[in-house]
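# Descriptive analysis of the structure
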Amino acid sequence: MKRREFLKKGLSAGLFTGAFLNMGGLDKIVAGNTSSANANKPIDLVAVKGGAPAAMFDKAIAAMGGMQKFVKKGQKVVIKPNIGWDVPPENGGNTNPELVKRIVEQCFAAGAASVMVFDNTCDAWNRCYENSGIEKSAKQAGAKVIPGNTENYYKEVDIPNGKRLTKAKVHEAILGADVFINVPVLKHHSSAKVTISLKNLMGAVWDRRFWHRNDLHQCIADFATYCKPTLNVVDAYRVMTRNGPRGVSLADVVEMQSLILSTDMVAADAAAAKIFGVEPTDIPHIKMAHELGVGNMNLGELNIERIKM
Amino acid sequence: MHLLSIPKWFRRFFALCYFLLVVFVFIDFAGSLKPHTIEWILFPQFVPSLLNFFSVGGALSIGFIIVLLLTLVFGRVYCSFLCPLGVIQDLVSRISKWKRRYKFTTSVPWVRYSILVVVAAFAIGGGVFLLYILDPYSLAGRTFSNLVRPVYFGVNNLLVKVLGVFDSYALAHVPFKGMPWQVLLLSALLIAPIIFMAVGKGRLYCNLICPVGTFLGLVSKVSVFKVSIAASTCTSCRKCESVCKSGCIDIKSQTVDASRCVACFNCLDSCRFDALSYSAIGRKSADKPVSEKSEGVVGNTSRREFFKALGGFVATSAMLSSMSALGAPTKVKEKKEHPVAPPGAESTNRFLDICTACHLCVSQCPTHVLQPSLLQYGVFGIMQPHMDYHSGFCNFECTLCGEVCPTGAILPLMLESKKRTQLGVAKFIKDNCIVHTDKTDCGACSEHCPTKAVKMVPYGEKGLVIPSVDETICIGCGACEYACPTVPFRAIYINGNTSHLVADLPKIQEPEEVKAGSPSDDFPF
């Protein structure tokens, strides 16, 4: 049984690697048309628009140098999408399931030993996992979709550089992973104004109440000083422009067909905020994270690859 | 196998399978059974079905009629085959079997008939309090939900730990949260004497106190099939008496008290001379048909008449522990004037008149918001479930409680109508809100609000936002109260509606003008 599974995994990994190499080749040609990045400097951020979620990710990761740059053979990967709400994908309340699926596939193609997916949800967790479509799609790609519904899964860590948040209980999967991929969905947020990469990490910890109680924006920024994802993939395919973070109706959702990829959470959030239509400087937690040195919100200083599909 | 052993073994097999199914219904946390399946499993439960019949009606509420008909034909088979409390007692008796032999007990009918009359009168005129305290199904339900379920959860959580050692997440940790300890204690105190009685006296509860047993006992007096003793073969060896957990076989008079016989069939194969039989009345083999001597009222002829009339009819029927929020404690106490009843209750009074506190909804509720009450509904509503917004909040997309409720106390709602059912309304206490006291953003309440009845509006000069409630579209789901991080008093809470109302639908705004995000536009950076 185990051997069969091993063979299956090995085989599919091989197939994906093959497919991926092909895509990489194609991308170089296409990327040449729209690229505005300085080819001599490493790319800080990739922005893609006009494609399906999975296709946009393929372009973005290829432009970034391929998944194998971030996921090495035999590594343990944990993916943290936004699965906060018991709503279907078209409501834009959760990360796009197709995007999550493709990221999982790419991880395995790069040789990941295991890929885990979880979120500390707001609505009943198993209903969120199901209704979001993420459980199904991630499992199809071979990921383990793991729970984060009780405190038992979280372990306390110190946050030495935090101003208000000095301790937090973090999901054990993140603590035990080699690679952490943060996959937020870009949304309006009633209290944080927008929710992107930085805010998405609230689902990686247990006690959110503390954050709300003790200066939400500062706590978001504080946690980012401790937890820096390997990659941040911002899903801006369907964007909830108001009534966030849960949304009231489909009329709250605008199809923007965009995606941001960056190793820098602050940069990713600055770019996504612009797509959303707000200035990064107007979002307190982005500004605070920038000031704490988590990343750079000044997009003008970054080497950005822009891809239109 | 002895021919007369077949009924006993059939009963044991059937009862055990059905019992395990019922236990599973009450302890399962994974939603393994569809609500409709649960409905069918609990279909023959007497009291819930009876209440459902009178409160809602419909094909799914005729379980008690079927039970009545079965009783008319076969005697109290409900008690032995279907009653979960009966099976609990049987299991207890069996485990403690080596201790004793049963003896005939003289019936004290006035006790049980008085109880039945009081319970029935109270249920019709006053409330279901006594009924739900004594109803065997509800007693068993509470035992499973409140006492067995935590053990099941514990075993699951232990397995989670073991699997964790092997890096497996095949099972998920389940919290047993929100249940007041007083309710656990009360559940234990109510079941303990029944178990104690079962150890020494078999089915004493069923024949002394249980209102369902008493009522079915009345019916079984005129049942078609009965256990009887053939006086010509009986040697008065008392073997049958010693296996009768109802204590209803009187060897002196060689009679079986049909009103107390639970149709377990244990006696049938106990007799070396096959003097016992389970047969239709009037059959020759039993030369001394069942006598109701001990309580006897109904005569033989009237009984025949009764059956003639009934014949055709019979023939056709077949936690909070993690609330470690620092910051100054809030000072203004919430003014909760009314508790909140679950969606589908229609009104608190209607709900309290029907609910037997079996706690099936409590164990099924995926967010743990439904919890047994203590004194929220008053003393005579103790343990009837209410919405505890410190334990959870009502999942917007969920209608499970109404779908599984066997009594009709919680009516099944269509999702669209549930989403508009106003259980109560949110009340905001600005002086407790940290946006006001700490001048920092929070908005946890609005974040969780599914209708955006709780909206954040500008507050002060620092660009802060503070909650504002639109009561017309609030459905009282309690998401805001649950999420509010202030202690000990929340800055937002739900005040229950005594009668549930229909909330307005949130206004659907025009889709936004696509700004920079339009797929055809250039990047805004």
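The model shown is predicted, which means the values in this text are computed figures rather than measured ones.

Reading the values: the criteria
Residues numbered from 1 in each chain as written. Chains lettered and ligands numbered in written order. Predicted model: local features only at pLDDT ≥ 70, side-chain atom pairs only at ≥ 80, totals over all residues. Heavy atoms only, no water. Helix = DSSP H or I, 4+ residues; strand = E, 2+ residues; numbered from the N terminus. Buried < 20%, exposed > 50% of the residue type's maximum accessible area, 1.4 Å probe, protein only. Areas by Shrake-Rupley, 256 points an atom, 1.4 Å probe, with all protein chains shown as cover. Pairing = 2+ DSSP bridges. Contact = heavy atoms within 4.5 Å. Buried area = accessible area lost by both parts, 1.4 Å probe. Salt bridge = Lys/Arg side-chain N within 4 Å of Asp/Glu carboxyl O. Polar contact = N/O pair within 3.5 Å; in protein donor to acceptor, adjacent residues only side chain to side chain. Phe/Tyr/Trp six-rings, centres within 6.5 Å; stacked < 30°, edge-to-face > 60°. Lys NZ or Arg CZ within 6 Å of the ring centre and 35° of its normal. Arc of directions from axis to C-beta. Core = buried A, V, L, I, M, F, W, Y, C linked by side-chain atoms within 4.5 Å. Domains from an automatic or database assignment. Axes fitted to C-alpha atoms, helices over the stretch in contact; angles between N-to-C directions. Parallel < 35°, antiparallel > 145°, perpendicular 65-115°, else oblique. Left-handed = near helix turned anticlockwise from the far one by under 90°. Nonpolar A, V, L, I, M, F, W, Y, C, P; charged D, E, K, R; others polar. pLDDT = per-residue confidence, 0-100. Disulfide = S-S within 2.5 Å. Patch = residues over 30% accessible without salt bridge, like charges linked within 9 Å, V, L, I, M, F, W, Y side chains within 5 Å.

## Observations regarding the overall build of chain A
Per the secondary structure count, chain A includes 11 helices and 12 strands. A buried classification covers 64% of the 309 residues belonging to chain A. Accessible surface for chain A amounts to roughly 11000 Å². Of this, 52% is attributable to carbon and sulfur atoms.

## Concerning the overall build of chain B
Helix and strand counts for chain B stand at 21 helices and 10 strands. A total of 525 residues make up chain B; the buried ones form 55% of that total. Per element, the accessible surface of chain B, about 23000 Å² overall, is 67% carbon and sulfur.

## So, the pairing of strand 1 (residues 225-229) of chain B
Residue and element names in this part refer to chain B. Most of strand 1 sits inside the fold, with four of its five residues counted as buried. In the sheet, strand 1 pairs with strand 4 (residues 276-280) via five bridges, with the strands oriented antiparallel. The residue bridging Phe 225 from the neighbouring strand is Ala 280, located in strand 4.

## A short note on the interface of chain A and chain B
Across the contact, 63 residues belong to chain A and 64 residues belong to chain B. Both sides of the chain A and chain B interface together cover about 5200 Å² of buried area, and 53% of this is carbon and sulfur. Ranking the residues of chain A by area buried against chain B places Arg209(A), His212(A) and Arg213(A) at the top, with a combined share of 17%. Residue Lys308(A) pairs with Asp522(B) through a salt bridge whose shortest N-O separation is 3.0 Å. Joining chain A to chain B, the criterion identifies 22 residue pairs in polar contact (both at pLDDT 80 or more). Contributing elements (two or more residues each) for the side of chain A that touches chain B: strand 1 (45-49), helix 4 (125-131), helix 8 (208-213), helix 9 (216-226), strand 11 (253-262), helix 10 (265-276) and strand 12 (304-308) of chain A. Of all the elements, strand 11 of chain A adds the most residues to the side of chain A that touches chain B, at five residues.

## What about the packing of aromatic side chains?
Applying the stated criterion to the full structure yields 31 aromatic pairs over all chains. Consider the rings of Phe53(B) and Phe64(B), whose centres lie 5.2 Å apart with planes at 65°: the pair is edge-to-face. You can see Phe53(B) sitting in helix 3 (residues 46-55) and its partner Phe64(B) sitting in helix 4 (residues 63-74), a full 11 residues away along the chain. An aromatic cluster is built from Phe10(B), Phe14(B), Tyr18(B), Phe74(B), Phe81(B), Phe225(B), Phe265(B) and Tyr278(B), whose rings are joined through pairwise contacts. Seen from the ring of Phe523(B), Lys49(A) lies directly overhead, with NZ or CZ sitting 5.3 Å from the centre.

## What about helix 11 (residues 284-291) of chain A?
Residue and element names in this part refer to chain A. Burial in helix 11 covers these residues: His 285, Ile 286, Met 288 and Ala 289. Each buried residue of helix 11 lies within a common arc of 165° when the element is viewed along its axis, so the set occupies one face. Where helix 11 is buried, its residues meet strand 9 (193-195), helix 7 (197-200), helix 9 and helix 10. Positive phi shows up at Gly 293, right after helix 11, with a value of about 80°.

## Regarding the nonpolar core
With 126 residues, the main nonpolar core has Tyr78(B), Leu85(B), Tyr205(B), Ile249(B), Leu276(B), Phe351(B) and Leu360(B) as its most contacted residues. The leading source of residues in this core is helix 1 (residues 6-27) of chain B, at eight residues. Residue-level mapping places this core at the junction of two domains, with at least three residues from each of domain 1 (3-315) and domain 2 (423-507) of chain B. Among the nonpolar cores identified, the runner-up in size contains 105 residues, and Ile83(A), Ile103(A), Leu165(A) and Ala267(A) belong to it.

## Focus: the packing of helix 4 of chain B against helix 12 (residues 211-220) of chain B
Between two packed helices, what matters for the description is the angle formed by their axes and the separation of those axes. Residue and element names in this part refer to chain B. Axis separation between helix 4 and helix 12 bottoms out at 8 Å; the angle between their running directions is 45°. One finds that helix 4 runs oblique with respect to helix 12. Where helix 4 crosses over helix 12, the two elements pack in a sense that is right-handed. Here Val 67, Leu 68, Thr 71 and Leu 72 of helix 4 lie close against helix 12, whose contacting residues are Phe 215, Leu 216, Val 219 and Ser 220. Of the residues in the contact of helix 4 with helix 12, the class split is six nonpolar, two polar and no charged.

## Observations concerning the confidence of the model for chain A
Here chain A shows a mean pLDDT of 90. Residues at 70 or above account for 88%. With pLDDT under 50 throughout, residues 1-33 of chain A is counted as low confidence; its partners more than four residues away or in other chains account for 17 contacts.

## Here we look at the pattern of salt bridges
By the definition in use, this model includes 24 salt bridges over all chains. With a shortest N-O distance of 2.1 Å, Arg102(A) and Asp58(A) are connected by a salt bridge. One end of the pair, Arg102(A), is in helix 3 (residues 97-109); the other, Asp58(A), is in helix 2 (residues 53-63), with 44 residues separating them in the sequence. Assessed through its relative accessible area of 8%, Asp58(A) is described here as buried. Among the salt bridges present, the one from Asp252(A) reaches Arg242(A), with a minimum N-O distance of 2.9 Å. Of this pair, Asp252(A) sits in the loop between strand 10 (231-240) and strand 11 while Arg242(A) sits in the loop between strand 10 and strand 11, and the two are 10 residues apart along the sequence. Among the residues examined, Asp252(A) registers a relative accessible area of 1% and is labelled buried. By sharing partners, the salt bridges in this structure join Arg11(B), Asp90(B), Arg203(B) and Lys245(B) into a single network.

## A word on the confidence of the model for chain B
Mean pLDDT over chain B works out to 89, with 89% of the residues at or above the 70 mark. With pLDDT under 50 throughout, residues 282-324 of chain B is counted as low confidence; its partners more than four residues away or in other chains account for 73 contacts.

## Comments concerning the environment of Glu98(A)
Turning to its location among the elements, Glu98(A) is positioned in helix 3. Assessed through its relative accessible area of 43%, Glu98(A) is described here as partly exposed.

## Re the state of the cysteines
All names here are of chain B. All told, the structure shown has zero disulfides over all chains when counted by the stated rule. Here Cys 244 is not disulfide-linked; the sulfur of Cys 248 is the nearest cysteine sulfur, at 3.7 Å. According to the relative accessible area criterion, Cys 244 is buried, its value standing at 8%.

## Points about the packing of helix 3 of chain B against helix 4 of chain B
Residue and element names in this part refer to chain B. Helix 4 packs onto helix 3 with a crossing angle of 125° between their chain directions and a minimal axis gap of 7 Å. Taken together, the axes of helix 3 and helix 4 are oblique relative to one another. Seen from helix 3, the contacting residues are Phe 46, Ser 49, Leu 50 and Phe 53; seen from helix 4, they are Gly 63, Phe 64, Ile 65, Val 67 and Leu 68. Grouping the constituent residues of the contact of helix 3 with helix 4 by class yields seven nonpolar, two polar and no charged.

## Quick notes on helix 3 of chain B
Residues and elements named next belong to chain B. Within helix 3, the full set of buried residues consists of Phe 46, Val 47, Pro 48, Ser 49, Leu 51 and Asn 52. In this structure, the buried side of helix 3 is in contact with helix 4, helix 5 (77-82), helix 8 (129-134), helix 9 (136-165), helix 12 and helix 15 (348-354). Two residues or fewer after helix 3 comes Gly 57, characterised by a positive phi angle close to 85°.

## Observations concerning a nonpolar patch on the surface
On the surface, Leu3(B), Ile6(B), Phe10(B) and Phe14(B) cluster together to form a nonpolar patch covering roughly 420 Å² of accessible area. Mapping Phe10(B) onto the fold places it in helix 1.

## A short note on unusual backbone geometry
Between Gly244(A) and Pro245(A) the backbone carries a cis peptide bond, its omega angle lying at 5°. Each neighbour pair has its own omega, and for Val487(B) with Pro488(B) the value is -5°, a cis peptide bond. Summarising the element assignment, Pro488(B) is placed in the loop between helix 21 (479-483) and strand 10 (492-502). Positive phi is not limited to glycine here, since Asn243(A) has a value of about 60°. With respect to the helices and strands, Asn243(A) occurs in the loop between strand 10 and strand 11. Judged by its relative accessible area of 14%, Asn243(A) is buried. Its identity as a non-glycine residue notwithstanding, His368(B) has a phi of 65°, on the positive side. With respect to the helices, strands and loops of the structure, His368(B) is situated in the loop between helix 16 (360-364) and strand 5 (370-372).

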